[in-house]
Amino acid sequence: MDKNLGELEQLVLFALLRLGDDAYGVTVHQEILERTGRTMSFATIYTTLSRLESKGMVDSFVGDPTPERGGRAKKHFAMTSNGKLALQQSVRALRSMSRGLDTKWGTP
Amino acid sequence: MNRPPAFARWLLERVVPNHLHDALIGDLEERYATICATKGIPAANRWFWRETCCSPRTRLTATPAQRVSRSNNGDSFMSALQSDLRFAWRMLMRRPAFTSLAVFTLALGIGATTAIFSAVNPILFESLPYPNANRIMMIWEGTDPSDKNDLGYSTYADILEKNRSFSSMAAMASSSGTLTGKGEPQFLEGERVTPSFFRVLGVAPALGRAFRDEENVQGSQRVIILTNALWRNRFGGDSRIIGTPITMMENDFTVVGVMPATFENVLSPTAQYYVPLRYEVSLPQACRSCRHLRVVALRKSTVTITQARSDLGRIAQNMGSDFPKDYSNLAFMAPKLGDDIVTGVRPALLAVLGAVALVLLVACLNVMNLLLARGAQREGEFAMRAALGAGRARIVRQLLSESFLLALLGGAAGVAVAFAGVRILVALSPSTLPRLAAIRIEGSVLAFALALTTVVGVIFGLVPALQAARGNLHDSIRRNTRRSAATSRFTRSTLVVTEVALAIVLLVGSGLLFRSMEQLFAVNPGFDSTNLLTLQIQGGGGRLRNETLVGAFMAEALKNVRAQPGVEAAAMTSQLPLSTDFDRYGVHFETQPKFNPEDDKGGFRYAVSDQYFETMKIPLVSGRYFAASDAAKAPLVAIINQSFARSRFGEVSPVGQRIKIGGLNGPWREIVGVVGDVKQISLASGEVEAVYLPEVQWQFVDYAMTLVVRSRSSLNTLVPELRNAIWTADKDQPIIRIATANELMAERAAERTFALVLFEGFALVSLVLAAAGIYGVLSGTVTERNRELGVRAALGATGRDQIVMVLRQGMALTVVGVLVGLGAAFASSRVLLTMLYNVSPVDPATYAGVTAALFVVALLACWIPARRASQTSPLEALKAE
């Protein structure tokens, strides 16, 4: 299985980690928007979540329908231990690649 | 709570895969509500549409289960197709200008065709919404479909008794009345029917029951069945209504049933209620010559249409010999109900359908042209692919994928165009168009659009694909792509010629219709239509319990109206010219008795108040107008129109002659004047006989009278003044059908206007597309012949020479196209014959005008490439080589 993560996958996994039990499409979208200023379409978020799910990094379960959603049920997402491991590796790789580069690219 | 755009939601439901439906669409709705609250509805709508456009992406990700099964199958065809489509998508996205132009063109063609199909489908092709629709037939008296007559009740009763072909039969007549009681008085249209009416149609009330036979006799308890719309709008959809009485006119009716919401009455679409007919053969209005009932019958399943018709023929023969005084040459016509209701509009609809098919063809030819031009430019690419091992079939498949994808995008945009188009169509439709309520985009229409898209994608992609893959691909790799494509130039020129020809056909069609309308509106209606307002007053109900009170109310209302400062003159008539009123009576002349009085040609009967002719400005030919002295007790008088006078008396004045109106038992009336002819049915109809009587001298009071008002001021400000004036006489009487005389004239010509507007739209689109085609071909040629143009310039050709060369090429294409198009228009314009008025289908002025217009547009389309050719610099051209 591919354990490397793309940028979108990293962002989504971070959002899941931060949101805990309250992670579903709208909150993931909101979290990424607030923290990075990036507007992702819901289709992109769901495509990413489906990919992570097929890699075994994310689990999902269906919640209760609510009236403000036109009576439609939420789909909640949670990170699996595989997901956590992949994210840790990914962050570690980024850190080690960026370490000591401050002088080369200036302070961001 | 605000809802996201309905069409976007509809699309989402279809695009998002099922397993993500609730999650994704629910999220979008939730977020939509938040954006509505923070940024407003327009921003939220824009956001929702953006998300909808992105949503097809979710289809690309398969669920884990699908992923496993696909990797096991190793379906190479599917994966090749997928990769073809993905590649095609990338190629299309790389040339956004080309793609959007092609998609836009296809969307117009597919959208317009789909919209027209959705309108024509329920009218011409779908069977009517009744279980045995194919066995329902109308029965009319007469032999000519354009002059069919209603039946008298006795005739109906005889057919009912003697026929062997029909399992049930119903007679009906229109009805109207004012509903009083709770709430404001409401004028309703309805239908009086025999109880068998619902059995013939095979429908039953959703609530309560149908009529019983014992409720169809005089003196029985009055009962009524409501339509679903009336029940919901007036009675709040209360199911306890069954068994309760409601008051209409001065009578109580017990509600016994409510029709289902899905019930569509094609026989009288505006009917809001049904009451039993309650006729017996002994009643005076049930006579054989009292032809005012429409008859509909359900044929037995064991009897064929031909058998049923010959059965009716036998009955007609017997009845004719049994009652020679009542009928002469009696015959019945029995068309299928579905055919009967569309007879009038079928030619217009077929013509429009044909026109839109031409537009689609022009659009497809245009896209084909674009694809060919693109194929020529990409020849080097195909050669390279062939060199790398791609077979010819593979390249054709790749190109077909591109054209199919283009068609698919065009089809999707076309459905959106169709949704908008249907709304416009319904708004434009003449009220005489049957089954207006059934016009909508639904499953069968979408299937049609999809089939159309597939055909367009494959057929019109195949030619360019084959053309591109033809010839020696390996050779062309050595050639400069810009110089290639002489063969494709020929194909493209042929396409442009075809486009120009089709555009000419459509332009001629719309030109002929336009000239007809001009002629039609130039027809003199027989009265002065400027500053003339008309409105109908319904008397009865409330305190107006009898004819005397209704008559008094009408007189007082007229007096009040005349007292208004904005009113120059006002009068009343029982029948309004150019409205749907149709009130005809037999007229018998004392000096010209006929063998069979029933054969005496009828005339339109107008019961009018004094000053009617003066208000309408109908000219007096001889004798005098009615005067105030022609009162109820005064000697009975009448005025006839010029056509009537001429057909009966030639050049001799009929003034002083006597006539009887409506049966031989009535009193004699003296003709005191002859007035000019007035158009009653439509501006296009011929002159018809008419007879005018003072309303106070007619044998009964008309409960519905139309007020005609000649105004001094603006007609808009006059309406509230008139309403108040009438309601001062009695505030409970409804006022309906408010229209200016000019609006009435336009309404009567609505079918022609409908066809004209559509034809004009189609002709314009095809003209623009043909111009784009000419421009495309010339522009491509100039690019391809850049080197040659450079050499010519180097050898001394002036800019003017270059312009002339390109123009000559463009105009040669146009001339050929115009010649072919004029021939095709000449051959096909006959289909418009029934819609033309005073214009020949080969009208030279129209043909000349259209040709001139097309040449001007073609010249404009040639000008830009010609200018570019004139500016070719020899140095640049040769350097580019």
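Residues numbered from 1 in each chain as written. Chains lettered and ligands numbered in written order. Predicted model: local features only at pLDDT ≥ 70, side-chain atom pairs only at ≥ 80, totals over all residues. Heavy atoms only, no water.

Participant: Where do I start with the overall build of chain B in this structure?
Facilitator: Each helix and strand counted, chain B has 28 helices and 21 strands in total. Out of the 881 residues in chain B, the part that is buried amounts to 51%. Long-range contacts, defined here as pairs at least 24 residues apart, represent 81% of the contacts in chain B between residues at least 6 apart. (Helix = DSSP H or I, 4+ residues; strand = E, 2+ residues; numbered from the N terminus. Buried < 20%, exposed > 50% of the residue type's maximum accessible area, 1.4 Å probe, protein only. Contact = heavy atoms within 4.5 Å.)

Participant: Hey, could you run me through the overall build of chain A in this one?
Facilitator: In terms of regular secondary structure, chain A is built from 5 helices and 2 strands. When the helices and strands of chain A are read in sequence order from the N terminus, they spell out α-α-α-β-β-α-α. Burial statistics for chain A: of 108 residues in total, 45% are counted as buried. Residue pairs in contact within chain A that sit at least 24 positions apart in sequence constitute 53% of those at least 6 positions apart. Surface summary for chain A: the accessible area is close to 6,100 Å², and the carbon and sulfur share equals 51%. (Areas by Shrake-Rupley, 256 points an atom, 1.4 Å probe, with all protein chains shown as cover.)

Participant: Would you explain the interface of chain B and chain A in this entry?
Facilitator: Often, the extent of an interface is quoted as the loss of accessible area upon association of its parts. Each partner contributes to the interface: chain B provides 24 residues, whereas chain A provides 24 residues. Where chain B abuts chain A, roughly 2,100 Å² becomes buried across the two surfaces, and 56% of that area is made up of carbon and sulfur atoms. The largest per-residue losses of area from chain B upon contact with chain A belong to Asp27, Glu30 and Arg31 of chain B, which jointly make up 27% of the total buried on that side. Its salt-bridge partner being arginine 72 of chain A, residue aspartate 22 of chain B comes within 3.6 Å of it at the nearest N-O pair. For the pair chain B and chain A, the number of links is 7 residue pairs in polar contact (both at pLDDT 80 or more). For the side of chain B that touches chain A, the elements supplying multiple residues, two or more each, are helix H2 (21-39), helix H3 (41-54), helix H4 (57-60) and helix H5 (64-73) of chain B. (Buried area = accessible area lost by both parts, 1.4 Å probe. Salt bridge = Lys/Arg side-chain N within 4 Å of Asp/Glu carboxyl O. Polar contact = N/O pair within 3.5 Å; in protein donor to acceptor, adjacent residues only side chain to side chain.)

Participant: What is the right way to look at the side chain of aspartate 630 of chain B in this model?
Facilitator: All names here are of chain B. Position of aspartate 630 relative to the elements: it lies in the loop between strand S15 (620-623) and strand S16 (637-641). Side chain to side chain, aspartate 630 and arginine 624 meet in a polar contact 2.9 Å long. Contact partners of aspartate 630, with chain neighbours within four places excluded, come to Arg624, Val637, Pro694, Val696 and Gln697.

Participant: Would you explain the packing of aromatic side chains in this entry?
Facilitator: Each aromatic ring pair is characterised by the separation of its centres together with the angle its planes make. Residue and element names in this part refer to chain B. All chains considered together, the criterion is met by 25 aromatic pairs over all chains. The interplanar angle of 45° and the centroid separation of 5.5 Å between the aromatic rings of tyrosine 153 and tyrosine 156 together place this pair among those described as tilted. Of this pair, tyrosine 153 and tyrosine 156 both sit in helix H8 (residues 153-162), 3 residues apart, which is roughly one turn of the helix. What makes tyrosine 153 buried here is its relative accessible area of 11%. By relative accessible area, which is 3% here, tyrosine 156 ends up buried. Among the aromatic residues, ring-to-ring pairing joins Tyr606, Tyr612, Phe613, Tyr625, Phe626 and Tyr692 into one connected group. (Phe/Tyr/Trp six-rings, centres within 6.5 Å; stacked < 30°, edge-to-face > 60°.)

Participant: Looking at this model, I keep getting lost on helix H21 (residues 642-649) of chain B. Mind explaining?
Facilitator: Along an α-helix, residues three or four positions apart point the same way, because every turn accommodates 3.6 residues. All names here are of chain B. All of the buried residues in H21 are Ser643, Phe644, Ala645, Arg648 and Phe649. The inward-facing, buried residues of H21 contact strand S13 (584-589), strand S14 (602-608), S16, strand S18 (669-675) and strand S19 (690-694). Note on H21: the residue one or two positions beyond its end, glycine 650, has a positive phi of about 60°.

Participant: What is the right way to look at the packing of H8 of chain B against helix H11 (residues 305-322) of chain B in this model?
Facilitator: Helix-helix packing is described using two parameters, namely the angle between the two axes and the distance between the axes. All names here are of chain B. Where H8 contacts H11, the two axes come as close as 11 Å, and the packing angle between them is 125°. Of the possible angle classes, the one that applies to H8 and H11 is oblique. In the packing of H8 onto H11, the handedness of the crossing is right-handed. Contacts between H8 and H11 pair Thr155, Asp158, Ile159 and Lys162 from the former with Leu312, Arg314, Ile315 and Met319 from the latter. Residue composition of the contact of H8 with H11, grouped by class: 4 nonpolar, 1 polar and 3 charged. (Axes fitted to C-alpha atoms, helices over the stretch in contact; angles between N-to-C directions. Parallel < 35°, antiparallel > 145°, perpendicular 65-115°, else oblique. Left-handed = near helix turned anticlockwise from the far one by under 90°. Nonpolar A, V, L, I, M, F, W, Y, C, P; charged D, E, K, R; others polar.)

Participant: Sorry, what's going on with the side chain of serine 779 of chain B here?
Facilitator: Residue and element names in this part refer to chain B. As for its position among the elements, serine 779 is in helix H24 (residues 750-784). According to the relative accessible area criterion, serine 779 is buried, its value standing at 14%. Here serine 779 is in contact with Pro865 and Arg868, once residues within four sequence places are set aside.

Participant: Quick question: what am I supposed to make of the pattern of salt bridges here?
Facilitator: Think of it this way: side chains of opposite charge can pair up when their charged atoms draw near. In this structure the tally under the stated criterion is 22 salt bridges over all chains. Across the pair aspartate 528 of chain B and arginine 710 of chain B runs a salt bridge, and its minimum N-O distance is 3.8 Å. Residue aspartate 528 of chain B is located in the loop between helix H18 (486-521) and strand S11 (532-538), and its partner arginine 710 of chain B is located in strand S20 (residues 704-711); the two are separated by 182 residues in the primary sequence. On the basis of relative accessibility, which here comes to 3%, the residue arginine 710 of chain B falls in the buried class. Arginine 624 of chain B is the partner of aspartate 630 of chain B in a salt bridge, and the nearest nitrogen-oxygen pair spans 2.9 Å. Given the relative accessible area of 33%, arginine 624 of chain B is considered partly exposed. One salt-bridge network, in which partners are shared between bridges, spans Glu9, Arg51 and Lys55 of chain A.

Participant: Even after reading the chapter, I still don't get the confidence of the model for chain B, so can you show me in this structure?
Facilitator: Parts of the prediction with low pLDDT should not have their coordinates interpreted in detail. Residues and elements named next belong to chain B. For chain B, per-residue confidence averages 84 on the pLDDT scale, and 93% of positions sit at 70 or higher. Per-residue pLDDT, averaged within each element of chain B, yields its smallest value for H5 (45) and its largest for strand S5 (residues 223-226) (96). Long-range and interchain partners of residues 64-75, a stretch whose pLDDT sits below 50, account for 6 contacts in this model, where long-range means more than four residues apart. Taken as a whole, residues 480-484 scores under 50 in pLDDT and shows 12 contacts with residues more than four places along the chain or in a different chain. Model confidence for the complex is summarised by a pTM of 0.66, with the ipTM given as 0.90. (pLDDT = per-residue confidence, 0-100.)

Participant: Sorry, what's going on with a nonpolar patch on the surface here?
Facilitator: Residue and element names in this part refer to chain B. Taken together, the side chains of Ile424, Leu428 and Val757 present a nonpolar region at the surface, about 220 Å² in accessible area. Here leucine 428 is to be found in helix H15 (residues 392-428). Judged by its relative accessible area of 32%, leucine 428 falls in the partly exposed class. (Patch = residues over 30% accessible without salt bridge, like charges linked within 9 Å, V, L, I, M, F, W, Y side chains within 5 Å.)

Participant: Which parts of the structure should I look at to understand the nonpolar core?
Facilitator: As a rule of thumb, nonpolar side chains are buried together in soluble globular proteins. All names here are of chain B. The biggest cluster of nonpolar side chains holds 130 residues, and the ones touching the most others in it are Tyr130, Tyr274, Tyr692 and Phe762. Sort the elements by how many residues they give to this core and H24 lands first, with 14 residues. Those residues in contact with phenylalanine 762 that lie beyond four places of it in its chain are Ala112, Ile116, Val352, Ala355, Val356, Val359 and Leu506. (Core = buried A, V, L, I, M, F, W, Y, C linked by side-chain atoms within 4.5 Å.)

Participant: Which parts of the structure should I look at to understand unusual backbone geometry?
Facilitator: Negative phi values dominate among residues other than glycine, just as trans dominates among peptide bonds. Residues and elements named next belong to chain B. Positive phi values are uncommon outside glycine, yet arginine 278 reaches one of about 55°. Note on arginine 278: relative accessible area 11%, which makes it buried. One non-glycine residue, asparagine 531, adopts positive backbone phi at about 55°. In this structure, asparagine 531 sits in the loop between H18 and S11.

Participant: How should the packing of helix H2 (residues 25-36) of chain A against H2 of chain B be read in this particular structure?
Facilitator: Closest axis-to-axis distance for the H2 of chain A/H2 of chain B pair is 8 Å, and the angle between their directions is 55°. If you check the angle between H2 of chain A and H2 of chain B, you find them oblique. Every residue of H2 of chain B that contacts H2 of chain A at Gly25, Val26, His29, Gln30 and Leu33 of chain A is listed here: Asp27, Glu30 and Arg31 of chain B. Split by residue class, the contact of H2 of chain A with H2 of chain B holds 2 nonpolar, 3 polar and 3 charged.

Participant: Sorry if this is basic, but what is going on with the pairing of strand S7 (residues 251-258) of chain B here?
Facilitator: On a regular strand, one side chain projects to one face of the sheet and the next to the other, so that they alternate. Residues and elements named next belong to chain B. Across the 8 residues that make up S7, a large majority, 6, are buried. Summarising the sheet, strand S4 (residues 207-208) and S7 pair through 2 bridges and their orientation is antiparallel. From the neighbouring strand, leucine 207 faces S7, where its bridge partner is valine 258. Bridging between strand S6 (residues 245-248) and S7 involves 4 bridges; their strand directions are antiparallel. Within S7, the residue paired with proline 245 across the bridge is threonine 254. Linkage of S6 to S7, two consecutive antiparallel strands, is achieved through a turn of 2 residues, within which methionine 249 is found at a positive phi near 50°. (Pairing = 2+ DSSP bridges.)

Participant: Even after reading the chapter, I still don't get the pairing of strand S2 (residues 166-180) of chain B, so can you show me in this structure?
Facilitator: Residues and elements named next belong to chain B. The buried fraction of S2 is high, at 12 of 15 residues. The pairing of S2 with strand S9 (residues 294-299) spans 6 bridges and is classified as antiparallel. Within the sheet, the bridge partner assigned to methionine 169 lies in S9 and is alanine 297. Judged from the 8 bridges that link them, S2 and strand S3 (residues 186-193) form a sheet pairing that is antiparallel.

Participant: Any chance you could explain helix H14 (residues 379-387) of chain B here in plain terms?
Facilitator: All names here are of chain B. Among the residues of H14, those classed as buried are Glu379, Phe382, Ala383 and Ala386. Within H14, the buried residues cover an arc of 100° as seen down the axis, which keeps them to one side. Just downstream of H14, glycine 389 is the residue with a positive phi angle, here 110°. (Arc of directions from axis to C-beta.)

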